[in-house]
There are 2 protein chains.
Amino acid sequence: MRPASELINTDFKLGVLGGGQLGKMLGLAAANWHLPLYFLDASRDLPAGALAAWFSEGNFADYNDVYSFGKDKDTLTIEIEHVNTDALRRLSAEGVVVHPDPDKLDIIKDKGLQKLFYLEKNLPTTPFKLYDNHQAVLDAVEAGEWQYPFVQKLRTAGYDGKGVVIIRSAAHLDNLLDGECLIEPCAAIEKELAVIVARNKKGEIAVYPAVEMDFNPDANLVERLLCPARIDPAIEAAAKKLAVETIEAFDLCGLLAVELFLTPDGELLINEVAPRPHNSGHHTIDSCYTSQFEQHLRSILNLPLGSTVMKCPSVMVNLLGAEGSNGTAVYEGLEACLALPGVKLHLYGKANTKPFRKMGHATILADTLEEAMDIAQKVQQTLRIVSMD
Amino acid sequence: MRPASELINTDFKLGVLGGGQLGKMLGLAAANWHLPLYFLDASRDLPAGALAAWFSEGNFADYNDVYSFGKDKDTLTIEIEHVNTDALRRLSAEGVVVHPDPDKLDIIKDKGLQKLFYLEKNLPTTPFKLYDNHQAVLDAVEAGEWQYPFVQKLRTAGYDGKGVVIIRSAAHLDNLLDGECLIEPCAAIEKELAVIVARNKKGEIAVYPAVEMDFNPDANLVERLLCPARIDPAIEAAAKKLAVETIEAFDLCGLLAVELFLTPDGELLINEVAPRPHNSGHHTIDSCYTSQFEQHLRSILNLPLGSTVMKCPSVMVNLLGAEGSNGTAVYEGLEACLALPGVKLHLYGKANTKPFRKMGHATILADTLEEAMDIAQKVQQTLRIVSMD
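From a predicted model like this one, the values you see are computed outputs, not experimental measurements. (Residues numbered from 1 in each chain as written. Chains lettered and ligands numbered in written order. Predicted model: local features only at pLDDT ≥ 70, side-chain atom pairs only at ≥ 80, totals over all residues. Heavy atoms only, no water.)

**Points about the sheet that holds strand 8 (residues 164–167) of chain A**
Residue and element names in this part refer to chain A. Across the sheet, four strands lie side by side as 6-9-7-8; this open sheet has antiparallel pairing. Where the open sheet ends on each side, the last strands, each with one partner, are strand 6 (129–131) and strand 8. For this sheet the average axis-to-axis angle between neighbouring strands, irrespective of direction, equals 25 degrees. Across five bridges, the pairing between strand 7 (residues 150–154) and strand 9 (residues 181–185) is antiparallel. Looking across to strand 9, one finds that V151 is bridged to E184. Along the sheet, helix 5 (residues 111–120) contacts strand 6, strand 7, strand 8 and strand 9; its crossing angle with strand 9, the most-contacted strand, is approximately 50 degrees. (Pairing = 2+ DSSP bridges. Helix = DSSP H or I, 4+ residues; strand = E, 2+ residues; numbered from the N terminus. Axes fitted to C-alpha atoms, helices over the stretch in contact; angles between N-to-C directions. Contact = heavy atoms within 4.5 Å.)

**A look at the interface of chain A and chain B**
Counting from both sides, the interface comprises 46 residues of chain A and, opposite them, 46 residues of chain B. Surface buried jointly by chain A and chain B totals about 4000 Å² across both partners, of which 56% is contributed by carbon and sulfur atoms. Run the count over chain A and chain B and you get four salt bridges. With a closest N to O distance of 2.9 Å, E294 of chain B and K344 of chain A form a salt bridge. Across the chain A-chain B interface, the total number found is 24 residue pairs in polar contact (both at pLDDT 80 or more). Where the side of chain A that touches chain B is concerned, the elements lending two or more residues are helix 1 (21–32), helix 9 (292–300), strand 17 (327–332), helix 10 (334–338) and strand 18 (343–347) of chain A. For the side of chain A that touches chain B, the leading source of residues is strand 18 of chain A, giving five residues. Per-class residue counts for the side of chain A that touches chain B are 25 nonpolar, 11 polar and 10 charged. (Buried area = accessible area lost by both parts, 1.4 Å probe. Salt bridge = Lys/Arg side-chain N within 4 Å of Asp/Glu carboxyl O. Polar contact = N/O pair within 3.5 Å; in protein donor to acceptor, adjacent residues only side chain to side chain. Nonpolar A, V, L, I, M, F, W, Y, C, P; charged D, E, K, R; others polar.)

**Points about the packing of aromatic side chains**
Inspection of every chain in the model, using the stated rule, returns 14 aromatic pairs over all chains. Measuring from centroid to centroid gives 6.1 Å for F39 of chain B and F55 of chain B, while their planes differ by 25 degrees, and the two rings are stacked. In this pair, F39 of chain B is assigned in strand 2 (residues 37–41) and F55 of chain B in strand 3 (residues 54–57), connecting sequence segments 16 residues apart. Each member of the pair, F39 of chain B as well as F55 of chain B, carries the same accessibility label: buried. Through successive ring pairs, a cluster of aromatic residues spans F117, Y118 and F250 of chain A. Sitting over the ring of Y67 of chain A, R90 of chain A keeps its end group 3.8 Å from the ring centre. The ring of F69 of chain B carries K73 of chain B above its face, with NZ or CZ at 4.4 Å from the centroid. (Phe/Tyr/Trp six-rings, centres within 6.5 Å; stacked < 30°, edge-to-face > 60°. Buried < 20%, exposed > 50% of the residue type's maximum accessible area, 1.4 Å probe, protein only. Lys NZ or Arg CZ within 6 Å of the ring centre and 35° of its normal.)

This is how it looks when you write it as structure tokens:
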């Protein structure tokens, strides 16, 4: 890794696989330092494209596209897991700095391997079993191995709630997805939490305050996220400790978002992780000393990590495309939404909306979490992303 | 003005005259809403160029360049005062929304007219007299009209401390600048303050907390800026009230940065104003609910104004090119600077440094102003922008 003084105003090239909203927001953080980012994704029309100084159109899952894109870069990172790790391994062997480590990415991309990793490392997670296809699951259910409700997760296709189904009764068995998968019990969950932790090559670690996630059950997407989480300080400390143990177990540089289940008896279980900026850290842009995006840059560039201190309580709401709307996006109620106090609007610039598509997010800042929650509810009632057609 | 829902994901075009660091930071604020900005300035290599979706190379002081640039825009604004207002008047007459108003800009651009405006509107300012050239000033001094020390300001050439000299004794008379100018006494000043106020077409007004400015006497540039200002709450309230009266007197939409002198007996005098985002508001990016740049967008687009609440105390330091260094900029001490807690670094991407050139700024966030001041001093001792050559 080149020293810090050689990152700015030089020919230093940081490449990012993926040009969606996470890439866009990473680019905005880098722009504060006037550090240009180079993106690889299907089309410059994607969110990161509008601001990218360099955008290579290609497929981040394709070996040749990734290799060609990466070979003149100093450092490479990702904003999505589903990239070609074989090309990343070759690039790493050829001297390009790659974070997160491609081998660890292969583990994380496969939810089966990810769960096996937690077992191996004695990290707490829900019990599970792996199956080759949906017939194998049906056989296991028939043999009485699983009680309803249970959860099926495809090992590799999952993203934003896709590839995950909850089977509540025998009547739902038709919903089982086909493919290599894992089954786990539908754990009794008090709350879902997330902790973002960062680590650089020097081994420095910085951990953000825990956040509490509320899900939209229809879309299986985070609907709002509260920071600070309404949990006991001892639970908060345990959650942060577990996040630190997890990034150390993976020996990763960069960010790791650790999603946790808090059980009714106060146990913390790892649900899954993401080795990149994450939806559960969007509030940090407006509410913490260092945004998760700046922290990701600091950690992959082996710079000192930034303070994770919270400036004020916040609620983050995802702005999803309205049900039943497909087509050119129109932001109804935008003016009324901007009139609400403390609303920070982040729109991703996706030209077309579809039901439950993540079109943006709003972070609501207030003196107290309760006040921010009230205003967040108004934002959700006010702003509707519909189609013009 | 088109309604808010027609600003995003449509063909709405917001043009900005000037592509320096203020333009860049305005572009970053607009990027949160995915609102593309169109810039006019000499070269795409300027700070705003790297992120601009559209950058027209041209001269913002040239009638034809401004007219050609502006005629297909919906709304126009500025990041520098010294633009061609005749072209803006024509564009305004042809239906383009222009903020700030070109007539008011003509008053503000000319420090003589600006002072006459304050007299006319009964807004408090230091006494002054206007002169046609330096000989006329010499004659007045010889006639005993001015006591040392006094200040000479060129009426139209001033920018970033240029066009301003302090004449401390007869020995300094050789430093007098030639050209239309104003002379004012070197007022006894307790503190220099600045208040940024925003106003939209509906007449809504939002005012930021006052800031206290410390100058670098060698460069006549703000060296650091403290928020909150260390002043009595009554003075703070009076400063905010004066800022509101000033923007109302000008009947402006957009931001107005009002620089004030606080005299030893508690009087507030307007020094000068800027109808645009301003150096004295850079801390708002990191320390207030709404940054000055987002507020400028809200106000010129006639959107509801954002909350000006402070999230935490801050000190802003300008990062100036080191004395004696001219050439390709190198950021010495960058890593040590990033290791200091709460340091938010903003680099403008100017490839070449020169003595006292504004190359960036750092905002230091902390629990208390005193702590932020300590860290700011370390930033100033740590980061040096020198030339590679």
